[in-house]
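Topology and contacts: notes
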Amino acid sequence: MQAAVWYGRRDIRVEERAAGEVGPTDVRVEVDTCGICGSDLHEYAAGPIFIPEGEPHPVSGEAAPITMGHEFSGVVSEVGESVTDLAAGDPVAINPILCCGECRQCVEGNYHICDAIGFIGLSGGGGGFAESVVVDAQHAVPLGEDVPLEHGALVEPLSVGLHAVRRSGIRAGDSVAVFGCGPIGLSVVQCARAAGAGRIFVSEPRDARRERAADAGASDLVDPAATDAVDHVVAATGGGVDAAFEVAGIEPTFNAALESTRPSGTVTVVSIWEEGVTMHPNTVVLGERTLTGTLAYLGGPRASEEYGMVVDMLADGTLDPDPLVTDRIGLDDIVDDGFESLLDEESDQVKIFVKP
Ligand SMILES: [Zn+2]
Ligand SMILES: [Zn+2]
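Every value quoted in this text rests on a predicted model; they were computed, and no experiment measured them.

Once that is clear, we can look at the overall build of the chain. Within the chain, the secondary structure is distributed over ten helices and 18 strands. Relative to the globule expectation of 21 Å for 356 residues, the C-alpha radius of gyration of the chain, 20 Å, shows essentially globular dimensions. Projecting the C-alpha coordinates of the chain onto the three principal axes gives extents of approximately 60 × 40 × 35 Å. Taking the intrachain contacts of the chain between residues at least 6 apart in sequence as the baseline, contacts between residues at least 24 apart amount to 70%. Accessible surface computed for the chain: about 14400 Å², of which carbon and sulfur atoms make up 46%. Here the chain contributes 21 positive and 58 negative side-chain charges, whose respective centroids are spaced 6 Å apart.

Encoded structure:
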């Protein structure tokens, strides 16, 4: 089968890879749709970050070259002999989290911050930029009848947004500011809206992304190239928002998120960083602000886990996938029309779906 494989920085090759064997607890999934994620762009442009190079990943046992793609949906085509809760023909979204099951966080149920955290499609274990993948059945989350198969590829990024919003502790009526409106920023906007947020400010330099933020539920759109976002937010709210989200991963937005938050407010950092930042700790200390990080999501199908919640919220229309998706491409075009297009500062792309 054809797959897109990471060999090194700016070196992703679409090539023939062997389709895996289905073991007793595994399922084979024919991939329908796999989104290109900001993390994939980091691995392509500045990696490896999550991709194991040389030393194999402790859970997958694999190192680069590895098949990429961790935001995907597909249809089960084969089930192992001890799999009882899935059958051929079932539409599923893949929970890509790889964890050890033994560290303190795993034992406490917080497997998404496992000491050995990894992701299918970044850390080995196959990936969604391929015609099919073999995963342990516990990674396959049923989509049911009410979620279109293609929308299943957005369960992963929407779960990132939902987890960030839940971790921020926002309550109905709270004012919110989101810095950066890529796919995760737009997911945060949608989930904050679903959580009952009041005014939602977004700061985003690209026109097309601000328009999509409005579609996703933002009420105040700020172009930081034209308007000082901190001044605007602080003036409009009489002192700052209750909760800010940093979703761009650069120093100016990190500090703007802190400075846009009211004393005793919360800043949630969602980005994965290529470099460190300089900040003044007094911004946190003098206003008793809370600065918190958030990673991934709980990826199981149960109602207590974010994947299960997102599937339900897609099924009942609480979340609207359409503002996120800007293009659909074939696997052969993944580098030029996918990665390079998303890295182009002039491009209007947000989420590109690859259809292997
Ligand atoms: Zn992702
Ligand atoms: Zn663990």
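A few words on the domain arrangement of the chain. Annotation of the chain at the domain level lists domain 1 (2–142 + 321–355) and domain 2 (161–293). Computed from C-alpha coordinates alone, the two centres of domain 1 and domain 2 are separated by 28 Å. Considering only the side of domain 1, the residues that lose the most area to domain 2 are Pro323, Leu324 and Val350, jointly responsible for 38% of the buried surface there. For the pair domain 1 and domain 2, the interface holds zero salt bridges. Where domain 1 packs against domain 2, one counts five residue pairs in polar contact (both at pLDDT 80 or more). Within the residue set of the side of domain 1 that touches domain 2, elements represented by two or more residues are helix 1 (38–46) and strand 17 (325–330). Along the lines of polarity and charge, the residues of the side of domain 1 that touches domain 2 split into eight nonpolar, five polar and five charged.

Bringing the coordination of the zinc ion (ligand 1) into the picture now. Bound to the zinc ion (ligand 1) are the protein donor atoms Cys37 (SG), His70 (NE2) and Glu71 (OE), situated 2.2 to 2.6 Å from the metal. In primary sequence terms, the donor set of the zinc ion (ligand 1) follows C-x32-H-E. Here the residue Cys37 occupies a position in the loop between strand 3 (26–35) and helix 1, and Glu71 occupies one in strand 5 (residues 71–79), the gap between them amounting to 34 residues. Using a relative accessible area of 0% as the deciding quantity, one classes Glu71 as buried.

Angle between the axes and distance between the axes are the two parameters that describe a pair of packed helices. For the pair helix 4 (residues 183–194) and helix 5 (residues 207–216), the least separation of the axes is 9 Å and the interaxial angle reads 20°. With respect to their mutual orientation, helix 4 and helix 5 come out roughly parallel. Helix 4 and helix 5 meet at a crossing whose hand is right-handed. Where helix 4 approaches helix 5, its residues Leu186, Val189, Gln190 and Arg193 are matched on the opposing element by Arg209, Arg212, Ala213 and Ala216. Broken down by class, the residue content of the contact of helix 4 with helix 5 amounts to four nonpolar, one polar and three charged.

Right, let's talk about unusual backbone geometry for a bit. Note that the residue after Gly47, namely Pro48, is joined by a cis bond; omega there is 5°. Here Pro48 is to be found in the loop between helix 1 and strand 4 (66–67). Backbone torsion omega between Ala64 and Pro65 reads 5°, so that peptide bond is classified as cis. Its place among the elements puts Pro65 in the loop between helix 1 and strand 4. Its identity is not glycine, yet Arg10 carries a phi of approximately 55°, on the positive side. Inspection of the secondary structure puts Arg10 in the loop between strand 1 (2–8) and strand 2 (11–16). We note that Glu288 has phi near 45°; this positive angle belongs to a residue other than glycine. Relative to the assigned elements, Glu288 resides in the loop between helix 8 (282–285) and strand 16 (290–293). The exposure class of Glu288 is exposed, given its relative accessible area of 65%.

Pairing within the open sheet is parallel, and its six strands lie in the order 13-12-11-14-15-16. The open sheet has two edge strands, strand 13 (220–222) and strand 16, and neither has a second partner. Neighbour to neighbour, the strand axes of the sheet diverge by 15° on average, direction disregarded. As defined by bridge partners, strand 15 (residues 261–269) adjoins strand 16 across four bridges and the pair is classed as parallel. In the sheet register, Thr266 faces strand 16, and the bridge partner there is Thr290.

Attention now moves to the coordination of the zinc ion (ligand 2). Coordination angles at a metal have ideal targets, namely 109.5 degrees for four tetrahedral donors and 90 or 180 degrees for six octahedral donors. Protein-derived coordination of the zinc ion (ligand 2) comes from Cys100 (SG), Cys103 (SG), Cys106 (SG) and Cys114 (SG), at a distance range of 2.3 to 2.4 Å. What the four donor atoms of the zinc ion (ligand 2) show is an angle range of 101 to 120° at the metal, which sorts the shape as tetrahedral. Sequence positions of the residues that donate to the zinc ion (ligand 2) give the spacing C-x2-C-x2-C-x7-C. The two residues Cys103 and Cys106 agree in class, both being buried.

Another aspect to go through is the packing of aromatic side chains. All chains considered together, the criterion is met by five aromatic pairs. Ring centres of Tyr297 and Tyr307 lie 5.3 Å apart, and the angle between their planes is 40°; this geometry places the pair in the tilted category. Placement of the pair is Tyr297 in the loop between strand 16 and helix 9 (306–315) and Tyr307 in helix 9, with a sequence separation of ten residues. As far as burial versus exposure is concerned, Tyr297 and Tyr307 are alike and both buried.

Conventions used here
Residues numbered from 1 in each chain as written. Chains lettered and ligands numbered in written order. Predicted model: local features only at pLDDT ≥ 70, side-chain atom pairs only at ≥ 80, totals over all residues. Heavy atoms only, no water. Helix = DSSP H or I, 4+ residues; strand = E, 2+ residues; numbered from the N terminus. Rg over C-alpha atoms; globule rule 2.2 N^0.38 Å. Contact = heavy atoms within 4.5 Å. Areas by Shrake-Rupley, 256 points an atom, 1.4 Å probe, with all protein chains shown as cover. Lys, Arg positive; Asp, Glu negative; His and termini not counted. Charge placed at Lys NZ, Arg CZ, Asp CG, Glu CD. Domains from an automatic or database assignment. Buried area = accessible area lost by both parts, 1.4 Å probe. Salt bridge = Lys/Arg side-chain N within 4 Å of Asp/Glu carboxyl O. Polar contact = N/O pair within 3.5 Å; in protein donor to acceptor, adjacent residues only side chain to side chain. Nonpolar A, V, L, I, M, F, W, Y, C, P; charged D, E, K, R; others polar. Donors = N, O, S within 2.8 Å, 3.2 Å for Na, K, Ca; no water. Buried < 20%, exposed > 50% of the residue type's maximum accessible area, 1.4 Å probe, protein only. Axes fitted to C-alpha atoms, helices over the stretch in contact; angles between N-to-C directions. Parallel < 35°, antiparallel > 145°, perpendicular 65-115°, else oblique. Left-handed = near helix turned anticlockwise from the far one by under 90°. Pairing = 2+ DSSP bridges. Tetrahedral: all angles 85-135°; square planar, octahedral: opposite > 155°, others 65-115°. Phe/Tyr/Trp six-rings, centres within 6.5 Å; stacked < 30°, edge-to-face > 60°.

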